[in-house]
Amino acid sequence: MSTPAEFPVTWAPRRTRAVLLPVCALLVVLFAVIAVALPSSWQFNDRAMMVLSGVFFAAAGLMLARPRVSADATGITVVNFVRRRRLAWAEIVRVNFRQGDPWATLDLADGSSLAVVGIQSGMGKAQAIADARALRDLVAQHAN
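Residues numbered from 1 in each chain as written. Predicted model: local features only at pLDDT ≥ 70, side-chain atom pairs only at ≥ 80, totals over all residues. Heavy atoms only, no water.

## Some words on the packing of helix H1 (residues 14–37) against helix H2 (residues 44–64)
Applicable threshold: Think of each axis as a best-fit line through the C-alpha atoms, taken over the contacting stretch in the case of a helix, with angles from 0 to 180 degrees between the N-to-C directions. Each helix is a run of DSSP H or I of at least 4 residues and each strand a run of E of at least 2, with the numbering of both proceeding from the N terminus. Angles below 35 degrees are treated as roughly parallel, those above 145 as roughly antiparallel, those between 65 and 115 as roughly perpendicular, and all remaining angles as oblique. Here, residues are in contact when the closest pair of their heavy atoms is within 4.5 Å. Throughout this entry, Asp, Glu, Lys and Arg are counted as charged residues, while Ala, Val, Leu, Ile, Met, Phe, Trp, Tyr, Cys and Pro are counted as nonpolar. The remaining residues, Gly among them, count as polar.
Where H1 contacts H2, the axes come no closer than 8 Å and their chain directions differ by 175°. By the angle between their directions, the pair H1 and H2 is classed as roughly antiparallel. Along the contact surface, H1 presents Thr16, Leu20, Leu21, Cys24, Leu27, Val28, Phe31, Ala32, Ile34, Ala35 and Val36, while H2 presents Arg47, Met50, Val51, Ser53, Gly54, Val55, Phe57, Ala58, Gly61, Leu62 and Leu64. The class makeup of the residues in the contact of H1 with H2 is 17 nonpolar, four polar and one charged.

This is the structure we're talking about:
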C-alpha cells in the first residue's frame, strides 16, 4: 500500500478546467459581440437572446468543469457535473478504476455505486491511476 495523501486533499481534472474556464468566458464575450454586431433589423429581444445563449453555453461548460473529489479526516465529498454528495469513510466499500473506464467509481455500503468524475482518464492515464490508488489507500486506511 502506498503512502496516503495528507488531509485535506482534492483531486480534479485541472487541464479540463484550465481549458474550459477561458472558453466559457470567451463564449460570453463572443455572443455579446455578435449581439452588438447584428444588423439593425434585429430587435432588442433578439440581441438579448443572443447574449443569453452565450451565457447558457458558458454555464454548460462550467458544469463540465465542476467535477472533483475532496477527502478529509471524516470522509469525502464527490462533486460531479450536477450533483454533490458527502460520504463518510464507512460508506465506501471499494474504489474501482478499471481499464477502459472513463472515471473512477465507488462501491458503496448500500449496494449502489457512485461515479467519481474528478478522477478521470482524460487527465492522463498515469495520473488518474495514481489518484485512484491514493483514494483507494485512504479508503483502506479509514475503513474501520
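## Considering H1
Keep this limit in mind: Given the number of residues in a helix, its expected span is that number minus one, multiplied by 1.5 Å. Each residue is assigned to one of three classes by its accessible area relative to the maximum for its type, calculated with a 1.4 Å probe on protein chains only: buried under 20%, partly exposed between the two thresholds, exposed over 50%.
Here H1 is 24 residues long and its end C-alpha atoms lie 35 Å apart, about the 34 Å a rise of 1.5 Å per residue gives. When H1 is considered as a whole, its buried residues turn out to be Leu20, Cys24, Phe31 and Ala35.

## What to know about the pattern of salt bridges
To be explicit about the condition: Criterion for a salt bridge: a side-chain nitrogen of Lys or Arg within 4 Å of a carboxyl oxygen of Asp or Glu.
Within this structure, the stated rule accounts for three salt bridges. One salt bridge in this structure joins arginine 86 and aspartate 72, with 2.8 Å as the shortest N-O distance. Here arginine 86, found in strand S4 (residues 84–88), pairs with aspartate 72, found in strand S2 (residues 68–72); they are 14 residues apart in sequence, far enough to count as distant. Linking aspartate 137 and arginine 136 is a salt bridge whose minimum nitrogen-to-oxygen distance equals 3.3 Å. You can call aspartate 137 buried: its relative accessible area is 2%. By relative accessible area, which is 39% here, arginine 136 ends up partly exposed.

## A few points about the sheet that holds strand S1 (residues 9–11)
What counts here: For two strands to be treated as a pair, DSSP must find at least two bridges joining them.
A sheet is described by the order of its strands in space; here four strands give the open sequence S1-S2-S3-S4, paired in antiparallel fashion. The open sheet has two edge strands, S1 and S4, and neither has a second partner. Here the average twist between neighbouring strands, direction ignored, is 15°. Pairing geometry for S1 and S2, over three bridges, is antiparallel. Within S2, the position partnered with threonine 10 by the bridge is serine 70. Here helix H3 (residues 125–141) sits on the sheet and contacts S1, S2 and strand S3 (75–79); the angle it forms with S1, its principal contact strand, is near 140°.

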